[in-house]
Amino acid sequence: MRVSPAVAAAVRDGRPVVALESSVFAQGLPRPENREAARRMLAAVRTRGAEPALTAIAAGTPVVGLEDDDLERFLARDGVRKVSARDLAPAAAAGVDGATTVAASLVLAHAARIDVLATGGIGGVHRVAPATAHAALPVRDESADLVELARTPMIVVCAGAKSILDLPATMERLESLGIAVVGYRVGELPGFLTSGTGISLSWRMESAAEVAAAWRVERSLGRTEAMIVVQPPPASSALPRALVDAAVDRALEAATGANVAGAALTPWLLGRLEQETGGASLAANVALLESNAALAAEIAVELATDVEIVRARA
Ligand code: PSU
Ligand code: MN
C-alpha cells in the first residue's frame, strides 16, 4: 500500500485526516460534476485544517492519498473498475485502476490509521425488484459496506443511505451489526437527497466535540464497529420526498426491465435517478458530499486535540 507523503506525515504527527472514497467520482457521478465534487470535497477538508486522503487502487497499487495526476484518470471515468472490499486484492494483482466503495475505502483508510471517512450515502439493503429472476432468491442484494462497517472502527459521515435502498431494512441490519447511527443536529434519518425519511434515530449530537467524545468511549471499549454520523443535505439543495420517491420507483421499475444486477446496480440506479429528477439529484449529491467532507474534517480536528493534550502533558 502507498500512503502519500502528505497523509503519512499528518498521521505520524497526529494531525487531522479525512479519508474519501473514490467510487463516487468514477461510478457515482457523471462528468463534469464528478470533478466539481472532488474539488469541493478536498477544499472543504483543507479549509478546516485537515488533510484529505483519497483512497483507490492506482494502476494496481492500493493508495491512501491519491495524487492529482492519478485522480485525473478516475475523473475521466475511463476503464476504472468499481472496487469493493473483496475486489481490492484481485484488482491490485491485475494492475488495474480501481475506484473504491465505502467498504474498500474503510479497509485502506483503517490500514493507514485514519479515523474518519466522508461519503455521500452508504450502501445498504436493496429493495426487491419483484419482476426479475432475482426475486426468487431468498437473499437480497446487500452492499458489502454494511459488513465492512461492522468490522472497521471508523467514524463515517454521510447523508444516510441512498434513496434507492430499502431504508427500514438497512437500519435493521445496522442495528443487528451493532453499528451506531447518530444524527448530527437531527433526530430523523436523512434520505440522502431528502432531508427526512420518517425514520427516527436513537441518538442525536449537537457538535463535533460530542461526536469525538462518543468515539473515545467506543474505542476505549475495544469495539470494532464503525459509528455512522448522518446529516441531511444542505437545505438549499435537498429535494422533496414525494419527488424522490416517485423518481426512485420509476428507476427501480426500469432496472427490473433492463435486468441490471450486482455491482452495476447502484451506479445504474443513481444514473437513472439523475434523468428522472432532471439533474436536480446531481446538484444535491454534490452539495451533500461537500458538507459531509466539511463535518468529517471538523470531527477529525476534534479527535486530533487528544494528541495535542497528550503532547502538552509530555
Ligand atoms: N453514494 C453516492 N454515490 C455512489 C456511492 C454512494 O452518492 O457512487 C457508492 C459508494 O461508493 C458506496 C457504493 O460504497 O456506492 C455502494 O455500492 P454497492 O451497493 O454495490 O455496494
Ligand atoms: Mn450488491
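Refer to the structure above for everything that follows.
The residue numbers shown here count from 1 along each chain, following its written sequence. Numbering of ligands from 1 and lettering of chains from A proceed in the order in which they are written. Given that this is a predicted model, residues contribute local features only at a pLDDT of at least 70 and side-chain atom pairs are listed and counted only at 80 or more, while totals for whole chains, interfaces and linings are drawn from all residues. To get the side-chain values, take all heavy atoms of the structure and skip hydrogens and water.

**Q** I'd like a description of the overall build of the chain, backed by residues and values.
**A** Secondary structure follows DSSP: runs of H or I at least 4 residues long count as helices, runs of E at least 2 residues long count as strands, and numbering of each begins at the N terminus. Scanning the chain for helices and strands turns up 12 helices and 11 strands. Seen through its C-alpha atoms, the chain measures out along the principal axes to roughly 65 × 45 × 35 Å. Partly exposed residues are those whose accessible area sits between 20% and 50% of the maximum for their type, while under 20% is buried and over 50% is exposed, using a 1.4 Å probe and protein chains only. Every one of the 314 residues in the chain was classed for burial, and the buried ones make up 54%. Any pair of residues with heavy atoms lying within 4.5 Å of one another is described as a contacting pair. Counting only contacts in the chain whose residues sit at least 6 apart along the sequence, the fraction spanning at least 24 positions is 74%. Counted charges follow a simple rule, with Lys and Arg positive, Asp and Glu negative, and His plus the chain ends left uncounted. Every charge is mapped to an atom, namely NZ of Lys, CZ of Arg, CG of Asp or CD of Glu. A gap of 2 Å separates the mean positions of the 30 positive and 36 negative side-chain charges of the chain.

**Q** Pulling in residues and values, what's your account of the site of ligand 1?
**A** The rule for a residue being near a molecule or strand is that one of its heavy atoms must lie within 4 Å of it. Every one of the 16 residues lining ligand 1 counts as a neighbour, but Glu-21, Lys-82, Ser-143, Asp-145 and Thr-266 are closest to it. Contact with the protein chains covers 95% of the free accessible surface of ligand 1, which is 480 Å². The element that contributes the greatest number of residues to the shell around ligand 1 is helix α2 (residues 23-28), accounting for 3 residues. Three classes are used, and their members are as follows: Ala, Val, Leu, Ile, Met, Phe, Trp, Tyr, Cys and Pro are nonpolar, Asp, Glu, Lys and Arg are charged, and the others, Gly among them, are polar. Of the residues that constitute the shell around ligand 1, the class distribution is 4 nonpolar, 8 polar and 4 charged. Using a 1.4 Å probe, the Shrake-Rupley method yields the accessible areas, and only the shown protein chains count as cover for residues.

**Q** Break down the packing of helix α3 (residues 33-47) against helix α4 (residues 68-76) for me, with residues and values.
**A** All axes here are fitted lines through C-alpha atoms, helices being fitted over the stretch that makes contact, and every angle between N-to-C directions spans 0 to 180 degrees. Where α3 meets α4, the axes come as close as 9 Å, and the angle between the chain directions of the two elements is 140°. Between α3 and α4, the angle is such that the two are oblique. Contacts between α3 and α4 pair Asn-34, Arg-35, Ala-38 and Leu-42 from the former with Leu-71, Glu-72, Phe-74 and Leu-75 from the latter. In the contact of α3 with α4, the residues fall into 5 nonpolar, 1 polar and 2 charged. For this classification, under 35 degrees means roughly parallel, over 145 means roughly antiparallel, 65 to 115 means roughly perpendicular, and everything else is oblique.

**Q** Break down the pattern of salt bridges for me, citing the residues and quoting the values.
**A** Put simply, a salt bridge is a Lys or Arg side-chain nitrogen that is within 4 Å of an Asp or Glu carboxyl oxygen. With the rule as written, the count across this model stands at 19 salt bridges. Among the ionic pairs, Asp-13 bridges to Arg-12, the shortest N-O distance being 3.6 Å. We classify Asp-13 as partly exposed; its relative accessible area is 28%. You can call Arg-12 exposed: its relative accessible area is 61%. One salt bridge connects Arg-73 with Asp-97, and the closest N-O pair in it is separated by 2.7 Å.

**Q** Let's hear about the pairing of strand β8 (residues 155-158): which residues, and what values?
**A** Taking every second residue as pointing to the same face, both faces of β8 are buried, with Ile-155 and Val-157 on one and Val-156 and Cys-158 on the other. Whether two strands pair depends on DSSP finding at least two bridges between them. Pairing between strand β7 (residues 116-118) and β8: 3 bridges, direction parallel. Paired with Ala-118 across the bridge in β8 is Val-157. Looking at chain direction, β8 and strand β11 (residues 227-230) are connected through 4 bridges and run parallel.

**Q** Lay out the side chain of Asp-145 in plain terms, naming residues and giving numbers.
**A** Mapped onto the fold, Asp-145 is located in helix α7 (residues 144-150). Despite its burial, Asp-145 pairs with no opposite charge, the nearest such side chain being Lys-162 at 5.6 Å. Here a polar contact is taken to be a pair of N or O atoms separated by no more than 3.5 Å, where protein atoms must pair a possible hydrogen donor with a possible acceptor and residues adjacent in sequence count only if both atoms sit in side chains. From its side chain, Asp-145 meets the backbone nitrogen of Gly-123 in a polar contact 2.7 Å long.

**Q** How would you explain the environment of Thr-152 if you had to name every residue and give the values?
**A** Note on placement: Thr-152 falls in the loop between α7 and β8. As for Thr-152 and Gln-27, which are separated by 125 residues in sequence, their C-alpha atoms are 23 Å apart. Residue contacts for Thr-152: discarding those within four places in its chain leaves Leu-106, His-110, Thr-224, Glu-225 and Ala-226. Of the polar contacts made by the side chain of Thr-152, one reaches the backbone oxygen of Glu-148; its length is 2.7 Å.

**Q** Mind laying out α3, listing which residues take part and the relevant values?
**A** Helix span, as expected, comes to 1.5 Å for every residue beyond the first. Relative to the 21 Å expected for 15 residues at 1.5 Å per residue, α3 spans 21 Å between its end C-alpha atoms, a close match to the ideal helical length. Looking one or two residues past α3, Gly-49 carries a phi angle of roughly 85°, positive in sign.

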